[in-house]
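What the coordinates show
This is what each chain is made of:
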Amino acid sequence: MSTSELAASYAALILADDGVDITADKLQSLITAAKVQEVEPIWTTLFAKALEGKDVKDLLLNVGSGGGAAPAAAGGAASGGAAEAAAEEKAEEKEEEKEESDEDMGFGLFD
């Protein structure tokens, strides 16, 4: 990662921590105040557009969480739906285990 990217990243984190909207001008102001040299305005514009309307703190908290689970169905059959969802989950896990197995391919990593 270049110095420009790091400077824009840290400036965005500072603004998000303070609860301030992230704009290219504010990012550039922070970078200039930090006396970071040679940061092209394209970086601040890219970061501002990428983070526009997003909650940076929420993004950081959910870095490794993946896509998440599908929302549960609402209604009177919630208990039946939970058992059905658990059965589906187990079936998916078994399928994943089968896919990950090297035995199906006929060779191993060190063959």
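Residues numbered from 1 in each chain as written. Predicted model: local features only at pLDDT ≥ 70, side-chain atom pairs only at ≥ 80, totals over all residues. Heavy atoms only, no water.

- In the nomenclature of an unreviewed UniProt entry, the chain corresponds to Large ribosomal subunit protein P1 from the organism Amniculicola lignicola CBS 123094.
- Quoted verbatim from the Sequence similarities (unreviewed entry) field of the UniProt record, the comment on the chain reads "Belongs to the eukaryotic ribosomal protein P1/P2 family."
- Database annotation for the chain, UniProt heading Subunit (unreviewed entry): "P1 and P2 exist as dimers at the large ribosomal subunit." (UniProt positions renumbered as here; feature names shortened; annotations may be inferred.)

1. A word on the overall build of the chain
- When its secondary structure is counted, the chain shows 5 helices and 0 strands.
- Reading the chain from its N terminus to its C terminus gives the helix and strand order α-α-α-α-α.
- Looking at the chain as a whole, 15% of its 111 residues are labelled buried.
- A sequence separation of at least 24 residues applies to 46% of the contacts in the chain between residues at least 6 apart. (Helix = DSSP H or I, 4+ residues; strand = E, 2+ residues; numbered from the N terminus. Buried < 20%, exposed > 50% of the residue type's maximum accessible area, 1.4 Å probe, protein only. Contact = heavy atoms within 4.5 Å.)

2. A look at the environment of Thr44
- Relative to the helices and strands, Thr44 is located in helix α3 (residues 41-50).
- Assessed through its relative accessible area of 2%, Thr44 is described here as buried.
- When the C-alpha atoms of Thr44 and Ser9 are compared, they prove to be 9.0 Å apart, with 35 residues separating the residues in sequence.

3. A closer look at the nonpolar core
- Ranked by internal contacts, the top residues of the largest apolar core, which has 14 residues, are Ala12, Ile22, Leu27, Ile31, Leu51 and Val56.
- Where this core is concerned, the elements lending two or more residues are α1 (3-18), α2 (24-33) and α3.
- Ranked by residue count, the leading element in this core is α1, at 6 residues.
- For Leu51, the residues in contact, after removing those within four places along its chain, are Ala12, Ile22, Val56 and Leu59. (Core = buried A, V, L, I, M, F, W, Y, C linked by side-chain atoms within 4.5 Å.)

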